[in-house]
Amino acid sequence: MDKLQKEIKIAASILSADFSNLGNELKAVDDAGVDMIHIDVMDGSFVPNITLGAPVVSKIRPFTEKQFDVHLMINNPGKHVDDFCKAGSDIITIHLEADEHPIRTLEYIRLKGIKAGVSINPATHESNLEYVLDYCDMILIMLVNPGFGGQKFIPSTLKKLEKVRKLIDDSDYAIRLEVDGGVGVGNIREIADAGADMFVAGSAIFGSKDYSKVISQMRAKLEGAARPV
C-alpha cells in the first residue's frame, strides 16, 4: 500500500506585515487561506535585526487559531523557551548555530508539549543535522542569510535542500522540511521539487494587494507536489 501523502503547508511570515496593523494583518492572511503564521524573533546579536518578543506573540495570539510557527533567530534560545510556550507557540524552532546544547533545548521544547524545530543557515553544512534527527519534528533550511525580509533566495541552497530531504527520508522519521527566504510564486515549485513540504512566504504575500490570490497561485504551483509520509 502506498504511504499517505504529507500535506503541503504554507506559512505567512509576519516579518513583512504591517506592524502598525498586525492584528488585522493576521486576520487577513487567515481568511486568505494560509496554514500557519510564521513569527521571526530576532535579537540583534545572532542576526543584525531586532524584531519582537514573547509579549507581542502573546498579544497577537487571539487574532487567529492558525498554528504559530515561531522561529528563534537568537543566541541561547533555551533561555526563552518557557516564555514563548506561554505566549501560545505551536512550533518553536532554534538555530543549530546559536545553541551550545541544541539537543537539550529541543528535548525541553518537546517536554513542554510543543513541536521542536531546528534551523541551519546557508553556509552551515547539512551533515550537522544528522545528530539531532532524534529530537526534532521539523527542519528549517534558510534559503537566505537570516536577519531581513525581502531577500532573493540563494540558488545553491537547493542542493542542500535535496541532501536534507534524503537525510530525512533515510532516517524514516516523520520530520517536516520547511524553507524560509525568497519563496514566491515563481520559484515555489522548484523548491518543492528539491524536497520542501512547508513554505514560509513573507514579502510575496504581504507585498501583494491580494493575499488570497497569491496564496492560491502558490497552491496551484504546488499541485501534485505532496510527499509520502
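In what follows, the structure referred to is the one given above.
What you see is a predicted model, and the numbers here were worked out from it, not measured in a lab.

Rules and cut-offs
- Once a new chain begins, its residue numbering starts again from 1 and follows that chain's sequence as written.
- The model is predicted, so local features are restricted to residues of pLDDT at least 70 and side-chain atom pairs to those at 80 or more, both for listing and for counting; the totals for chains, interfaces and linings are taken over all residues.
- The side-chain values count all of the structure's non-hydrogen atoms but skip hydrogen atoms and water molecules.
- Numbering goes from the N terminus for both helices and strands, where a helix is a DSSP run of H or I of at least four residues and a strand is a run of E of at least two.
- C-alpha atoms define the radius of gyration, and 2.2 Å times the number of residues to the power 0.38 defines the globule rule.
- Only protein chains enter the area calculation, which uses a 1.4 Å probe; residues under 20% of their type maximum are buried, those over 50% are exposed, and those in between are partly exposed.
- A contact between two residues is defined here by any heavy atoms of the two lying within 4.5 Å.
- All accessible-area figures derive from a Shrake-Rupley calculation using a 1.4 Å probe, and residue coverage is judged against the displayed protein chains alone.
- Charge counting follows a simple rule: Lys and Arg are positive, Asp and Glu are negative, and His as well as the terminal groups are ignored.
- Charge placement uses NZ in Lys and CZ in Arg. For Asp and Glu, CG and CD serve respectively.
- Salt bridge, as applied in this entry: a Lys or Arg side-chain nitrogen positioned within 4 Å of an Asp or Glu carboxyl oxygen.

I'd like to hear about the overall build of the protein, residue by residue, with values.
Within the protein one finds 8 helices and 10 strands. Against the globule reference of 17 Å for 229 residues, the protein gives a C-alpha radius of gyration of 16 Å, in line with a compact fold. Projected onto its principal axes, the C-alpha coordinates of the protein cover approximately 45 × 40 × 35 Å. Residues counted as buried form 53% of the 229 residues belonging to the protein. Partitioning the intrachain contacts of the protein with sequence separation of at least 6 by distance along the chain shows that 67% fall at a separation of at least 24. As displayed, the protein offers around 10600 Å² of accessible surface, 49% of which is attributable to carbon and sulfur atoms. Of the charged side chains in the protein, 26 are positive and 33 negative, and the gap between their average positions amounts to 2 Å.

Outline unusual backbone geometry, supporting the account with residue identities and numerical values.
The backbone phi angle of N76 is positive, close to 50°, even though this residue is not glycine. Within the secondary structure layout, N76 lies in the loop between β4 (67–73) and α3 (81–86). The exposure class of N76 is partly exposed, given its relative accessible area of 37%. Positioned with a positive phi, D172 is a non-glycine residue whose angle comes to about 70°. Tracing the chain through its elements places D172 in the loop between α5 (157–171) and β8 (176–180). Its relative accessible area of 61% is what places D172 among the exposed residues.

So what's going on with the pattern of salt bridges? Residues and values would help.
Within this structure, the stated rule accounts for 11 salt bridges. Residue K163 pairs with E126 through a salt bridge whose shortest N-O separation is 3.8 Å. Highlighted residues: K163 in helix α5 and E126 in the loop between β6 (115–120) and β7 (138–142), separated in sequence by 37 residues. Looking at K163, the relative accessible area reads 43%, which means it is partly exposed. D193 serves as the salt-bridge partner of R189, at 3.0 Å between the closest nitrogen and oxygen. With R189 and D193 both in helix α6 (residues 188–193) and 4 residues apart, this pair spans about one turn of that helix. One continuous salt-bridge network, built from bridges that share partners, spans R165, D169, R176 and D197.

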